[in-house]
Each structure stands twice: as C-alpha cells, then as structure tokens.
Amino acid sequence: MDPIETIKPAKDSTLAILLAAQARGWQLFYVQQKDLWLRDGIAAGRLAPLQVFDDPATWFALGSPQTAKLGEFDVILMRKDPPFDTEYIYTTYILDRAEIQGALVCNRPQGLRDMNEKVYTAWFPECCAPTLISRDMHDMSEFLREHGKAVCKPLDGMGGKSIFVLEQGDKNRNVVLETLTDYGRRYAIVQKYLPEIVTAGDCRVILVDGEPVPFVLKRVPTPEDNRGNLAAGARAESRPLNDRDRWLCAQIGPKLKQAGMLFVGLDVIGDYVTEINVTSPTGIRELNKKHGVDIGGMLIDAIHRTLSAA
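Residues numbered from 1 in each chain as written. Predicted model: local features only at pLDDT ≥ 70, side-chain atom pairs only at ≥ 80, totals over all residues. Heavy atoms only, no water.

Novice: It is not clear to me how the overall build of the chain should be interpreted in this structure. Could you clarify?
Specialist: Counting secondary structure elements, the chain contains eight helices and 17 strands. Against the 2.2 N^0.38 benchmark of 19 Å for 310 residues, the chain shows a C-alpha radius of gyration of 20 Å, consistent with a compact globule. Considering only contacts in the chain between residues 6 or more positions apart, those separated by 24 or more positions represent 64%. With the model as given, the accessible surface of the chain reaches about 15000 Å², and the carbon-plus-sulfur share is 50%. Considering the chain, the positive charge centre built from 37 side chains and the negative charge centre built from 41 side chains are found 1 Å apart. (Helix = DSSP H or I, 4+ residues; strand = E, 2+ residues; numbered from the N terminus. Rg over C-alpha atoms; globule rule 2.2 N^0.38 Å. Contact = heavy atoms within 4.5 Å. Areas by Shrake-Rupley, 256 points an atom, 1.4 Å probe, with all protein chains shown as cover. Lys, Arg positive; Asp, Glu negative; His and termini not counted. Charge placed at Lys NZ, Arg CZ, Asp CG, Glu CD.)

As structure tokens, this is what we get:
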C-alpha cells in the first residue's frame with residue numbers, strides 16, 4: 001500500500017480491510033512498492049509486522065522489517081493507489097511471480113494490467129452511455145457535437161483529476177482536447193454527459209467476489225463542481241441497491257469473479273456504468289458507518305473461501 005502514516009483513517013478502505021483481517025486472527029505485514037524485488041525469478045520483499053487500530057490518533061504500529069519470499073504468504077493485498085504508471089506495471093510483474101510461487105494476490109496482477117478502469121467499460125457496452133476512446137481531436141469534437149455535452153478525462157487519472165465537462169460551443173473545447181491528448185499523442189476518453197449526476201450522484205457499487213454489497217455510496221457534486229468524487233469535495237450519501245444496479249452487476253460481476261478480481265467498485269451514474277475500479281476501490285468506511293455493515297469482513301471471508309477452495 002501507500003505510506004500508512006499518510007492515510008485518513010476515518011475514511012481509508014485499506015485500513016477497514018486490515019481491521020477485518022486482524023479481527024479474524026490473521027497476521028499482518030506491511031510493504032511498499034520500493035521494498036519489493038525479484039531475485040533469480042523469486043519474488044521477495046522487506047516487510048514489517050503490522051498491527052492496526054480503529055483509532056484516529058493512533059491507527060497502526062510497525063515491527064522491525066524482515067526479508068521474506070512473497071510466495072510463502074497466504075494472501076497479498078495489492079492496495080497501491082493509482083496512478084497506474086509504468087512502476088505500477090512493474091510491480092504487477094513481481095506479484096505475478098508471487099502468485100505463481102503460492103500466494104493469493106487480491107486483486108490478480110494480470111487483471112490489474114488488463115482492466116484499465118476506464119477502457120474496460122468497452123467490454124460491457126450494453127451497460128454504458130455512449131463513449132469514445134481516441135486520440136483524434138476531430139473525432140472527439142464530432143462526438144461532442146453529436147451529444148451536445150460530454151465528459152472528457154484521461155485514461156490514467158483518479159480522484160476527479162483532470163476531468164472536464166464540455167458543451168457544444170464551449171470556447172475551451174480545443175485547449176481541453178489538446179491538453180488531454182497532448183495534441184493527438186495520447187488516448188483519452190469522452191463520454192456522453194449524464195445529468196443524473198446532479199441529483200442521483202456518482203454512485204459507487206462495490207462488488208465482493210462478483211456479488212454486490214447491498215448498499216451504494218452516493219457521491220453528490222457540490223453546486224460549484226461537476227465531479228462526483230469525494231476527493232473533489234462531493235457529498236457522501238447512500239441508498240439501497242436498486243434493480244438497475246443488480247442488472248449491471250449481473251452483467252459485469254461474473255466476468256470479474258472469473259478473472260480473480262475479488263474487490264471491485266463500479267461507478268454508476270443514472271442507469272450507466274462509467275468506470276470499473278479494480279486497482280484500489282474505496283467507499284468501505286462510509287457505508288460501514290451508515291449501515292452497520294462490515295465490507296472489509298465480507299472481503300476477508302471471500303478470500304478465506306477462495307483459499308479453502310484452492
């Protein structure tokens with residue numbers, strides 16, 4: 001994971017997962033990207049024994065780091081936040097070797113590489129609003145002309161970073177598309193604007209081993225912003241899963257389960273999925289607090305079932 005001392009414990013989903021694992025008697029170890037390596041094909045790391053506490057003042061304690069082969073662990077949780085850059089990809093290669101050598105890696109390294117959170121929606125077009133992934137600025141302009149209003153964003157962003165909403169006739173159109181595509185040298189994504197975000201919010205549906213959690217985290221943008229991201233100031237609400245959510249999950253969940261993606265967040269606006277978050281989904285703490293559920297525990301139980309089946 002990222003540096004544990006920098007997280008916001010009241011909101012951090014990784015901490016919630018760790019608390020659930022510790023409550024079940026699992027022994028925890030902590031490692032960052034910089035402390036992983038391959039030696040003669042063996043995945044290894046420098047890991048510190050970890051204790052976690054549900055305390056906003058003191059939420060962790062680390063023991064002395066020790067060197068170990070990653071394949072000797074039962075489970076490795078990959079909870080490094082984006083950006084999904086070259087270093088992230090290199091890390092998945094190390095985790096691939098750990099998986100081959102005996103560890104269950106959650107989520108699977110191959111899935112992390114294959115399922116870009118924005119591009120992977122193309123595998124489920126029936127679940128998504130009209131979408132264009134391109135580096136051609138003319139084609140993007142035509143898409144905007146066709147739909148009148150569109151959301152434009154990079155393929156590797158997170159937390160609402162570099163998301164633009166454009167309307168037909170916006171004089172900023174060219175500069176936005178030039179910035180996102182680096183003048184046609186980078187792919188970006190353009191989606192039809194879904195007005196439901198203003199009232200229904202950008203909803204996070206959490207899937208555990210392909211099955212949806214019964215409650216959805218609604219992230220409602222402020223009146224001054226288009227973005228339904230908590231990191232961008234959106235308001236957190238919640239609601240029960242509805243029939244459309246269940247249908248979307250029925251289309252997507254089985255394929256994620258088959259690919260070994262045990263913990264995934266679908267971003268849903270209105271009737272449509274806009275992103276499939278596989279790297280480091282969040283939203284656990286808010287739903288746990290509002291509804292008295294234990295989503296981290298659901299994940300740990302799913303991991304235990306997977307280990308038992310193996």
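Novice: Help me out: how do you make sense of the packing of aromatic side chains in this one?
Specialist: Aromatic ring pairs are reported here in terms of the distance separating the ring centres and the angle at which the planes meet. Enumeration over the complete set of coordinates arrives at five aromatic pairs. A ring pair is formed by Phe84 and Tyr88, whose centres lie 4.8 Å apart and whose planes are at 40°; its orientation type is tilted. When the ring of Tyr120 is compared with that of Phe124, the centres are 5.4 Å apart and the planes differ by 80°; the resulting orientation is edge-to-face. For Tyr120, a relative accessible area of 8% gives the class buried. Clustering of aromatic rings is evident, with ring pairs tying together Tyr120, Trp123 and Phe124. Stacked on the ring of Tyr193, the Lys or Arg Lys149 has its end atom at 4.1 Å from the ring centre. (Phe/Tyr/Trp six-rings, centres within 6.5 Å; stacked < 30°, edge-to-face > 60°. Buried < 20%, exposed > 50% of the residue type's maximum accessible area, 1.4 Å probe, protein only. Lys NZ or Arg CZ within 6 Å of the ring centre and 35° of its normal.)

Novice: I tried to follow the nonpolar core on my own but got confused; where do I start?
Specialist: Of all hydrophobic cores here, the largest spans 36 residues; its most connected members are Leu70, Ile252, Leu256, Val264, Leu266, Val273 and Ile276. Within the residue set of this core, elements represented by two or more residues are strand 3 (42–52), helix 2 (86–100), strand 12 (202–208), helix 6 (243–258), strand 16 (263–269) and strand 17 (272–277). Leu70 has contacts with Leu36, Ala43, Ala44, Gly45, Leu47, Ile76, Ile94, Leu95, Ala98 and Ala103, leaving out every residue within four places of it along the chain. Membership of the second largest hydrophobic core comes to 32 residues, among which are Leu19, Ala21, Leu28 and Leu217. (Core = buried A, V, L, I, M, F, W, Y, C linked by side-chain atoms within 4.5 Å.)

Novice: What should I look at first to understand unusual backbone geometry in this one?
Specialist: Both trends apply: most residues other than glycine have a negative phi, and most peptide bonds are in trans. Cis geometry is adopted by the peptide bond preceding Pro83, which originates at Pro82 and carries an omega value of 25°. Relative to the helices and strands, Pro83 resides in the loop between strand 6 (75–77) and helix 2. Of note, the amide linkage connecting Cys106 to Asn107 takes the cis form, showing an omega dihedral of 0°. As for its position among the elements, Asn107 is in the loop between strand 7 (104–106) and helix 3 (109–114). Not every positive phi belongs to a glycine, and Asp40 is a case in point at roughly 55°. With a phi close to 60°, Tyr183 is a non-glycine residue in the positive phi region. Mapping Tyr183 onto the fold places it in the loop between helix 5 (173–181) and strand 11 (188–192). Tyr183 gets classed as exposed once you look at its relative accessible area, which sits at 53%.

Novice: Would you take a moment to explain empty space enclosed by the protein for this structure?
Specialist: Taken as a whole and judged by the stated rule, the model has two cavities of 30 Å³ or more. The calculated volume of the largest cavity comes to roughly 100 Å³. In terms of lining residues, the largest cavity is bounded by Pro82, Phe84, Leu112, Met115, Asn116, Glu117, Lys118, Leu155, Asp156, Gly157 and Thr279. Volume-wise, the second largest cavity comes out at about 50 Å³. Class assignment for the residues of the lining of the second largest cavity results in eight nonpolar, two polar and one charged. (1 Å grid on protein atoms, 1.4 Å probe; cavity = no way out; pocket = protein on both sides within 12 Å on 5 of 7 lines; lining within 4 Å. Points joined across faces, edges and corners; volume = space filled by probe spheres on them. Nonpolar A, V, L, I, M, F, W, Y, C, P; charged D, E, K, R; others polar.)

Novice: For this particular structure, what's the right way to read the pairing of strand 2 (residues 36–39)?
Specialist: Looking along a regular strand, one sees the side chains alternate between the two faces of the sheet. Note: strand 2 against strand 3, four bridges, orientation antiparallel. By the bridge assignment, Arg39 is partnered in strand 3 with Ile42. (Pairing = 2+ DSSP bridges.)

Novice: Please clarify how the pattern of salt bridges should be interpreted in this entry.
Specialist: Opposite charge on two side chains makes pairing possible when the charged atoms of those side chains draw close. Per the counting criterion, the structure on display carries 22 salt bridges. With a shortest N-O distance of 3.0 Å, Glu275 and Lys153 are connected by a salt bridge. Of this pair, Glu275 sits in strand 17 while Lys153 sits in strand 9 (residues 149–154); the two residues are 122 residues apart in sequence, bridging distant segments of the chain. As far as the burial class goes, Glu275 and Lys153 line up, both buried. (Salt bridge = Lys/Arg side-chain N within 4 Å of Asp/Glu carboxyl O.)

Novice: Hey, could you run me through the pairing of strand 16 in this one?
Specialist: With seven of its seven residues buried, strand 16 lies for the most part within the structure. The two faces of strand 16 match: Phe263, Gly265, Asp267 and Ile269 on one face and Val264, Leu266 and Val268 on the other face are all buried. One ladder, built from five bridges, connects strand 16 with strand 17; its direction is antiparallel. What sits directly across from Ile269, in strand 17, is Tyr272.

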